[in-house]
Protein chains: 2
Amino acid sequence: MSEVLIVGVGQTSVGEHWDYSLRELALHAIEAVIEDSGGLRPQALYVGNMLAPALSSQSHLATLVADFAGLRGVEATVVEAAGATGGVALRAGYLAVLSGQVDVALVVGVEKLSDRTASEVDAAIATASDSDYEAEQGLTQTAQAALLMQRYLHEFEVPEGAFAGFPVTAHANGASNPNAMFRKAIKPESYARAGMVSAPLNMFDIAPPADGAAAALLVRSELVPPKFPHKPVGIAASSVATDTLALHDRPDPLEFGAARHSVAQACQRAGIDLEQIDLFEVFDAYSIYTALSLEAAGFAERGQGWQWARDGAISLDGELPLMTFGGLKARGYPGGATGVYQVVEAVQQLRGQAGDNQVPDAEVALVQALGGPASTAATHVLRALD
Amino acid sequence: MSEVLIVGVGQTSVGEHWDYSLRELALHAIEAVIEDSGGLRPQALYVGNMLAPALSSQSHLATLVADFAGLRGVEATVVEAAGATGGVALRAGYLAVLSGQVDVALVVGVEKLSDRTASEVDAAIATASDSDYEAEQGLTQTAQAALLMQRYLHEFEVPEGAFAGFPVTAHANGASNPNAMFRKAIKPESYARAGMVSAPLNMFDIAPPADGAAAALLVRSELVPPKFPHKPVGIAASSVATDTLALHDRPDPLEFGAARHSVAQACQRAGIDLEQIDLFEVFDAYSIYTALSLEAAGFAERGQGWQWARDGAISLDGELPLMTFGGLKARGYPGGATGVYQVVEAVQQLRGQAGDNQVPDAEVALVQALGGPASTAATHVLRALD
């Protein structure tokens with residue numbers, strides 16, 4: 001059976017790119033991915049972008065990017081599923097290659113947020129919620145995550161500062177990632193002292209919106225030329241699932257059902273169980289998301305996801321390394337590009353090219369992007385080839 | 001080899017739906033398509049939408065629609081390529097089914113424009129152009145189409161009123177389409193008297209923005225149950241191609257290169273030539289687009305596409321029926337839903353269920369949606385099964 005391989009990855013650094021436009025960010029990632037794959041040219045381009053229509057008055061972005069990046073003529077499509085956009089874009093490329101209609105697919109996630117004020121960005125991100133019933137009432141994604149965390153703290157016995165280990169680990173890993181937005185380790189004490197943003201979420205519980213672009217080049221296994229700059233990585237499984245868009249429609253808001261379902265489906269499709277996973281690029285937009293995602297995936301019982309934040313368990317040489325290049329918290333959260341960054345980082349791990357961020361003997365990676373409060377979950381299993 | 005079949009279609013009427021929101025329009029089309037297919041439930045939903053982020057402050061629309069339509073849990077993705085959105089959404093569903101990962105895919109195009117003023121809608125549609133270099137200068141899609149037509153009239157010998165036959169035919173066909181926005185035939189004299197909008201484009205050269213939702217249900221051929229309410233229609237070929245986003249970057253603005261390329265590729269993939277095409281659902285957003293699309297497809301030489309507008313050539317019993325249910329001009333132009341409407345109408349033709357709009361002995365249909373001035377072209381060949 002055909003397998004879909006990732007034969008190249010590329011990324012820009014994540015941060016506030018005042019000097020680059022949307023198309024320029026995408027171009028830099030595309031130049032990097034094409035060089036990384038030894039010059040292979042794609043036939044189709046899938047652009048994951050969340051907020052260009054709202055923040056840059058630009059729709060039709062995939063055709064613009066294809067044109068600007070010198071890929072004129074290729075098939076080009078924008079795909080969007082809020083925060084899960086990058087993961088859904090990877091799946092679009094994966095399905096295109098698997099279908100046999102596209103031999104080489106380029107997946108690019110790109111986002112440009114820093115041209116707008118923080119409140120404009122917050123409002124744009126809130127369009128991922130139900131605009132008639134949630135955003136309209138002023139409910140931002142952050143306020144919603146705060147409600148979730150409050151509920152979590154109410155339902156379960158959770159010690160003070162229990163979540164600190166998530167951002168502390170993220171920042172420790174981000175410190176050695178040259179592409180991270182924040183390259184500075186933080187101490188648990190800093191977490192304890194951090195200013196409250198939307199109680200009980202403090203500054204370190206929330207990932208920073210950012211600019212960036214990341215890219216991956218996908219090829220069907222039988223088409224991979226024998227000599228390649230880097231060892232290809234296989235997409236062992238791909239799954240997208242959804243839940244209610246609005247949190248208030250769920251019987252149990254603390255259950256990330258779409259995340260649960262898509263992890264189970266991805267593991268089943270890949271023929272693996274959780275024990276075989278060497279690292280998990282989790283969607284740590286908020287530290288409460290990390291805990292709930294660990295529970296949904298099955299790494300923890302209900303109400304116990306926070307226990308992974310204990311010393312060392314999720315660090316690079318721990319039992320289950322998370323956010324290996326800093327995650328959304330320290331690498332940064334470039335909207336629809338985020339899911340593609342996660343894939344790029346997992347590929348670096350599986351190639352053994354993660355440098356100071358290397359997870360020892362990484363062979364199987366779980367990668368998950370979430371849209372809204374896990375209203376959409378895109379989960380992929382990536383595997384190093386033998 | 002697997003074939004992808006359309007086993008159900010659904011649509012709302014096109015017009016100003018003051019009483020329905022985006023999600024309700026989508027729901028109506030989904031209820032119709034599920035009933036039309038005998039109750040089949042999809043595993044994946046591809047929503048084609050162009051302007052919800054700009055006009056309705058709603059991203060993440062596919063998950064919202066899945067949730068609201070009672071399809072909670074299914075894979076859901078928004079795809080967008082400006083005016084070509086509906087065609088690109090069909091292709092997304094097609095690739096998903098062809099890949100083997102999705103057995104039943106639901107493609108929904110939905111757009112809601114009437115909540116906003118005409119100038120807000122124009123500005124939103126202009127985001128399909130290059131926002132930094134075109135829209136920013138006030139160049140709307142209509143102004144751009146006017147420039148194209150002006151150039152056409154300058155380059156070629158075209159008699160006065162040569163384009164009249166396009167809207168006259170569209171309105172003749174729209175008159176008997178119960179879902180059309182305009183159900184009234186017009187006379188060539190009306191075209192001659194029509195008010196100028198953006199010279200040389202008059203009111204009848206321009207399709208009206210509208211609200212609407214349309215849907216198609218796709219299944220892999222080997223999975224089609226033996227008893228089905230309606231005879232399935234095959235997707236014989238699918239192709240998406242792009243050109244420069246901006247008109248000013250093209251060596252020849254009167255050459256719709258992406259349209260040419262995608263028609264050639266679709267015909268080659270379907271193993272047909274132009275003579276076998278019984279009807280063409282052309283993207284008549286502007287009558288100049290119709291002429292240029294006919295030339296790009298190869299139905300006319302350069303500078304001669306307007307000749308098809310002569311008496312009877314493109315009517316339902318003519319040599320090449322176009323816009324058989326009224327086209328964008330009379331059925332209406334519901335943004336990203338348009339390409340799905342075209343598919344729904346072609347399926348009705350190939351089933352022999354087009355009623356007063358039936359093209360005699362229709363077996364092969366060409367369907368094309370364009371984004372911007374054919375910056376993106378999505379072309380499909382649909383075929384009645386033996």
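Just so you know, the residues in each chain are numbered from 1, in the order the chain's sequence is written. Think of it this way: whatever chain is written first is A, whatever ligand is written first is 1, and the rest follow in order. Where local features are concerned, this predicted model is filtered to residues with pLDDT of at least 70; where side-chain atom pairs are given and counted, the filter is 80 or more; whole-chain, interface and lining totals use all residues. With hydrogens and water set aside, each side-chain value is computed from the structure's full complement of heavy atoms.

Participant: Just give me the short version of the overall build of chain A, but keep the residues and values in it.
Facilitator: Numbering goes from the N terminus for both helices and strands, where a helix is a DSSP run of H or I of at least four residues and a strand is a run of E of at least two. When its secondary structure is counted, chain A shows 12 helices and 11 strands. Over its C-alpha trace chain A gives a radius of gyration of 19 Å, about what one expects of a compact globule, namely 21 Å for 386 residues. Each of the three principal axes of chain A carries a C-alpha extent, and together these read 55 × 45 × 40 Å. Looking at chain A as a whole, 68% of its 386 residues are labelled buried. Considering only residue pairs separated by 6 or more positions, chain A has 78% of its internal contacts joining residues 24 or more positions apart. Computed by Shrake-Rupley with a 1.4 Å probe, the accessible areas treat only the displayed protein chains as cover when residues are assessed. For chain A, the exposed area adds up to about 12800 Å²; of that, 49% sits on carbon and sulfur atoms. Lys and Arg are tallied as positive, Asp and Glu as negative. Neither His nor the chain termini are counted. The location of each charge is read from NZ of Lys, CZ of Arg, CG of Asp or CD of Glu. Seen as two clouds, the 23 positive and the 45 negative side-chain charges of chain A have centres 4 Å apart. As a reference, a globule follows 2.2 Å times the number of residues to the power 0.38, and the radius of gyration itself is taken over C-alpha atoms. The cut-offs for exposure are 20% and 50% of the maximum accessible area for each residue type, with area from a 1.4 Å probe on protein chains only; residues under the lower value are buried, those over the upper are exposed, and the others partly exposed. Only heavy atoms enter the contact rule, under which two residues are in contact if any of them lie within 4.5 Å.

Participant: Describe helix 12 (residues 338–351) of chain B, listing the residues and the values that go with them.
Facilitator: Count 3.6 residues to each turn of an α-helix, and residues three or four apart come out pointing the same way. Residue and element names in this part refer to chain B. Between the first and last C-alpha of helix 12 there are 20 Å, a value that for 14 residues agrees with the 20 Å anticipated at 1.5 Å per step. The buried fraction of helix 12 amounts to 14 of the 14 residues, a majority that puts the element mostly inside the structure. A positive backbone phi angle near 75 degrees is found at G352, which sits one or two residues after helix 12. A helix is expected to span 1.5 Å multiplied by its residue count minus one.

Participant: Kindly report on the side chain of T127 of chain A, identifying the contributing residues and their values.
Facilitator: Relative to the assigned elements, T127 of chain A resides in the loop between helix 5 (118–125) and helix 6 (141–155). The class for T127 of chain A is buried, based on a relative accessible area of 7%. Here the side chain of T127 of chain A touches A124 of chain A through a polar contact of 2.6 Å, landing on its backbone oxygen. When residues no more than four places from it in sequence are discounted, the contact partners of T127 of chain A are L51 of chain A together with S57, Q58 and S59 of chain B. In the analysis that follows, any N or O atom pair within 3.5 Å is treated as a polar contact, provided that within protein one partner can donate a hydrogen and the other can accept it, and provided that, for residues neighboring in sequence, both atoms belong to side chains.

Participant: Please set out the interface of chain A and chain B residue by residue, giving values where relevant.
Facilitator: Each partner contributes to the interface: chain A provides 54 residues, whereas chain B provides 54 residues. Note on definitions: buried area is the accessible-area loss of two parts on being combined, 1.4 Å probe, summed for both. Carbon and sulfur atoms supply 47% of the area buried between chain A and chain B, which totals about 4200 Å² over both sides. Each salt bridge in this description consists of a side-chain nitrogen of Lys or Arg and a carboxyl oxygen of Asp or Glu lying within 4 Å of one another. Across the chain A-chain B interface, the total number found is six salt bridges. Notably, a salt bridge pairs D132 of chain B with R23 of chain A, separated by 3.4 Å at the nearest N-O pair. Taken together, the connections running from chain A to chain B amount to 40 residue pairs in polar contact (both at pLDDT 80 or more).

Participant: I'd love a proper account of the nonpolar core, names of residues and values included.
Facilitator: Definition of nonpolar core: a set of buried residues of the types Ala, Val, Leu, Ile, Met, Phe, Trp, Tyr and Cys, connected through side-chain atoms within 4.5 Å. Residues I6, L218 and L382 of chain A together with I6, L218 and L382 of chain B are the most contacted members of the largest nonpolar core, which totals 90 residues. If sequence neighbours within four positions are ignored, L218 of chain B has contacts with V4, L5, I6, L90, G93, Y94, V97, D103, V104, A105, V107 and I235 of chain B.

Participant: So what's going on with the pattern of salt bridges? Which residues, and what values?
Facilitator: Residues and elements named next belong to chain A. Within this structure, the stated rule accounts for 34 salt bridges over all chains. Notably, a salt bridge pairs K112 with D211, separated by 3.2 Å at the nearest N-O pair. In this pair, K112 is assigned in the loop between strand 4 (104–111) and helix 5 and D211 in the loop between strand 6 (201–202) and strand 7 (212–220), connecting sequence segments 99 residues apart. Since its relative accessible area comes to 0%, D211 is described here as buried.

Participant: Describe the environment of H171 of chain B, with residues and values.
Facilitator: All names here are of chain B. On the secondary structure map, H171 appears in helix 7 (residues 165–174). According to the relative accessible area criterion, H171 is buried, its value standing at 4%. Between the C-alpha atoms of H171 and M196, which are 25 residues apart in sequence, the distance is 18 Å. Not counting residues up to four positions away in its chain, the partners in contact with H171 are F182, K184, A185, I186, F204, K329 and A330.

Nothing here speaks to function; it is geometry throughout.
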